[in-house]
Amino acid sequence: MGTETPTNERSSSPGDQNVPFSPAEIDKRTAEQKAIDDWLPITSSRNAKWWYSAFHNVTAMVGAGVLSLPAAMAGLGWGPGVVILVISWIITLYTLWQMIEMHEMVPGKRFDRYHELGQHAFGEKVGLWIVVPQQLICEVGVDIVYMVTGGKSLQKVHDLVCPEKCKPIKTSYFIMIFASVHFVLAHLPNFNAITGISLAAAVMSLSYSIIASMASLDKGVQSDVDYGYKASTQTGTVFTFLSALGDVAFAYAGHNVVLEIQATIPSTPEKPSKGPMWRGVLLAYIIVAICYFPVAIIGYWVFGNAVQDNILISLNKPIWLIVAANMFVVIHVIGSYQLYAMPVFDMIETLMVKKLHFKPTRLLRFLVRNFYVAFTMFVGITFPFFGSLLGFFGGFAFAPTTYFLPCIIWLAVYKPRRLSLSWIINWVCIILGILLMVLAPIGGLRQIIINAKTFGFYK
């Protein structure tokens, strides 16, 4: 994949990439600004290795979404399901490459946050309003869904280990138990501080994906398996198909934290961060393929349209293995929650310190982060609709930031020649992404409404 030359007036000439520049040109911040940047989560540490980006991206990608892929296949059908999975893998790898390339397209400047890249392309105010709302919906939405996933996985462990003697416990209580961990971990200062947690989460995600595939194979194709669409009406089939599109979009969510991850990697004019970042992302995407395709295809092959929206719920034997898999899910979503929460912490703390002029203190961080964890816990308890949440957030929020916003920024900055290969590829991604953004939330919202009719809130 070759790199084009930016033509945006704020960009530099292509030759500038190899021209040394003085420290004064690189860093024009005041002492106070440097102190604030050294305190903020995204810019406080830049000593990450290339493999950090690998397991950070695995943790960001292979989460709750992979467990819903067999159900997404059931909603899409064999042909469309496989095609959409493969196309999504290709498109999102391409847009991820674009973001890595654009991280340092201006010599001496790093776009450490997604909205900073948007501001460079569209202007200070417009870029902020285009990117920040979408990114916040994505990151907060993921954390809410992971609250539900962590709580339900803990509940599944409880029900499997003690199926008869133990008194049933409400899902809400398990979500609160899961949230209690984050009231502690949320106070880790930055991405590098959660490196160990992210590594454990990446290992867990690979482990439970393998368990889900192997346990499904061991169970074998069910005698009453049905690969037809589950809905009894044509309208229901269409809405289920649209919701499944959102499930697939949700599975490819790592773009919302990729620039923030790259910001932790050291960079010089001679050795820019895009090299090690790209190596890490390639390794991560190979692992993503190893996890996604077997789980989706084998899970659907074994259970057909009877598969649950979380494949592990469909698997009950061997009990010890399914218990282990659910505990792996809990450990993984603990790490993934923190990964997606860190950019949100950075946004809130930046607002509080730079705009509202609060002092960067531990008390401020304590209050901000505890409030955020409490908020996601409350919403997760209120709306524990795992599958329909994936469908709604996947289409409404992740399609723009993952499938086509990087392409729009690329066209705005590099301005490739009309009808050139780059121009065509980007416009194809934009059109497909917009269709996904418009159609997928319709099915997810309908499913939320249906679930809400039969669900007793807080019970």
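Because the structure is predicted, anything quoted here is derived from the model rather than measured.

Asks: How would you sum up the overall build of the protein chain? Please name residues and give values.
Replies: For the protein chain, the count of helices and strands is 17 helices and zero strands. By residue count, 56% of the 459 residues in the protein chain fall in the buried class. Restricting to contacts in the protein chain with at least 6 residues of sequence separation, those with at least 24 account for 85%. By element, 69% of the accessible surface of the protein chain is carried by carbon and sulfur atoms, the whole surface being about 19,500 Å².

Asks: Tell me about unusual backbone geometry, and name the residues and values.
Replies: Positive phi values are uncommon outside glycine, yet Lys415 reaches one of about 50°. With a relative accessible area of 49%, Lys415 lands in the partly exposed category. Despite not being glycine, Leu419 has its phi angle at roughly 70°, a positive value. With respect to the element layout, Leu419 can be found in the loop between helix 16 (386-414) and helix 17 (421-454).

Asks: Explain the pattern of salt bridges to me, and be specific about the residues and the numbers.
Replies: Applying the stated criterion across every chain yields a total of seven salt bridges. The partner of Arg46 in a salt bridge is Asp112, and the shortest N-O contact between them spans 2.7 Å. Residue Arg46 is located in the loop between helix 2 (31-39) and helix 3 (50-61), and its partner Asp112 is located in the loop between helix 5 (78-102) and helix 6 (114-122); the two are separated by 66 residues in the primary sequence. Between Arg369 and Glu349 there is a salt bridge, with its nearest N and O atoms 2.8 Å apart. Of the two residues, Arg369 sits in helix 15 (residues 362-382) while Glu349 sits in helix 14 (residues 319-355), which places them 20 residues apart along the sequence. When salt bridges with common partners are traced through the structure, they connect Arg113, Glu116 and Asp346 into a single cluster.

Asks: So what's going on with the packing of helix 9 (residues 195-219) against helix 14? Residues and values would help.
Replies: At a minimum axis separation of 8 Å, helix 9 and helix 14 run at an interaxial angle of 145°. Once helix 9 is placed against helix 14, the crossing between them reads as left-handed. For the pair helix 9 and helix 14, the contacting residues are Ile197, Ser198, Ala201, Ala202, Met204, Ser205, Ser207, Tyr208, Ile211 and Ala215 in the first and Leu321, Ile322, Ala325, Phe328, Val329, Ile331, His332, Gly335 and Leu339 in the second. Grouping the amino acids of the contact of helix 9 with helix 14 by side-chain chemistry returns 14 nonpolar, five polar and no charged.

Asks: For the UniProt feature "transmembrane region" (unreviewed entry) in the protein chain, give the residues involved together with the corresponding values.
Replies: As recorded in UniProt, the feature "transmembrane region" (unreviewed entry) lies at residues 50-72, 78-97, 197-217, 281-303, 319-345, 366-386, 392-413 and 425-449. The span residues 197-217 shows a helical share of 100% and a strand share of 0%, and its end C-alpha atoms are spaced 30 Å apart. Taken end to end, residues 281-303 has its terminal C-alpha atoms 32 Å apart, with 100% of it in helix and 0% in strand.

Asks: Residues and numbers for the packing of aromatic side chains, please.
Replies: What the rule picks out here adds up to 14 aromatic pairs. Pairing Tyr52 with Phe55 gives two aromatic rings, centres 5.7 Å apart and planes at 40°, and the pair type is tilted. With Tyr52 and Phe55 both in helix 3 and three residues apart, the pair spans about one turn of that helix. Among the residues examined, Phe55 registers a relative accessible area of 11% and is labelled buried. One aromatic cluster is present, built from ring pairs that chain together Trp50, Trp51, Tyr52 and Phe55. Between the NZ or CZ atom of Arg365 and the centre of the ring of Trp39, over which it lies, the distance is 4.2 Å.

Asks: Now, about the packing of helix 5 against helix 11 (residues 255-262): what can you tell me, with residues and values included?
Replies: Contact geometry of helix 5 with helix 11 gives a least axis separation of 10 Å together with a crossing angle of 30°. Of the two possible hands of crossing, helix 5 and helix 11 adopt the one that is right-handed. Facing helix 5, whose interface residues are Thr92, Thr95, Leu96, Met99 and Ile100, helix 11 presents His255, Val258, Leu259 and Gln262. In the contact of helix 5 with helix 11, the residues fall into five nonpolar, four polar and no charged.

Asks: Could you give me a rundown of the nonpolar core, with the residues and numbers involved?
Replies: Judged by nonpolar contacts, the single largest core of 126 residues is most densely connected at Val248, Tyr252, Tyr292 and Ile311. Dropping the residues within four chain positions of it, Tyr292 is found in contact with Met61, Val62, Val66, Leu69, Ala251 and Tyr252. Counting seven residues, the second largest nonpolar core, distinct from the first, contains Trp39, Met352, Val353 and Val368.

Asks: Any chance you could break down the environment of Cys407 for me, citing the residues and the numbers?
Replies: Residue position: Cys407 is located in helix 16. Relative accessible area serves as the criterion here: at 0%, Cys407 is assigned to the buried category. The spacing of Cys407 and Leu96 is 311 residues in sequence and 9.9 Å in space, taken between C-alpha atoms. Contact partners of Cys407, with chain neighbours within four places excluded, come to Tyr94, Thr95, Gln98, Asn426, Cys429 and Ile430.

What counts and how
- Residues numbered from 1 in each chain as written.
- Predicted model: local features only at pLDDT ≥ 70, side-chain atom pairs only at ≥ 80, totals over all residues.
- Heavy atoms only, no water.
- Helix = DSSP H or I, 4+ residues; strand = E, 2+ residues; numbered from the N terminus.
- Buried < 20%, exposed > 50% of the residue type's maximum accessible area, 1.4 Å probe, protein only.
- Contact = heavy atoms within 4.5 Å.
- Areas by Shrake-Rupley, 256 points an atom, 1.4 Å probe, with all protein chains shown as cover.
- Salt bridge = Lys/Arg side-chain N within 4 Å of Asp/Glu carboxyl O.
- Axes fitted to C-alpha atoms, helices over the stretch in contact; angles between N-to-C directions.
- Left-handed = near helix turned anticlockwise from the far one by under 90°.
- Nonpolar A, V, L, I, M, F, W, Y, C, P; charged D, E, K, R; others polar.
- UniProt positions renumbered as here; feature names shortened; annotations may be inferred.
- Phe/Tyr/Trp six-rings, centres within 6.5 Å; stacked < 30°, edge-to-face > 60°.
- Lys NZ or Arg CZ within 6 Å of the ring centre and 35° of its normal.
- Core = buried A, V, L, I, M, F, W, Y, C linked by side-chain atoms within 4.5 Å.

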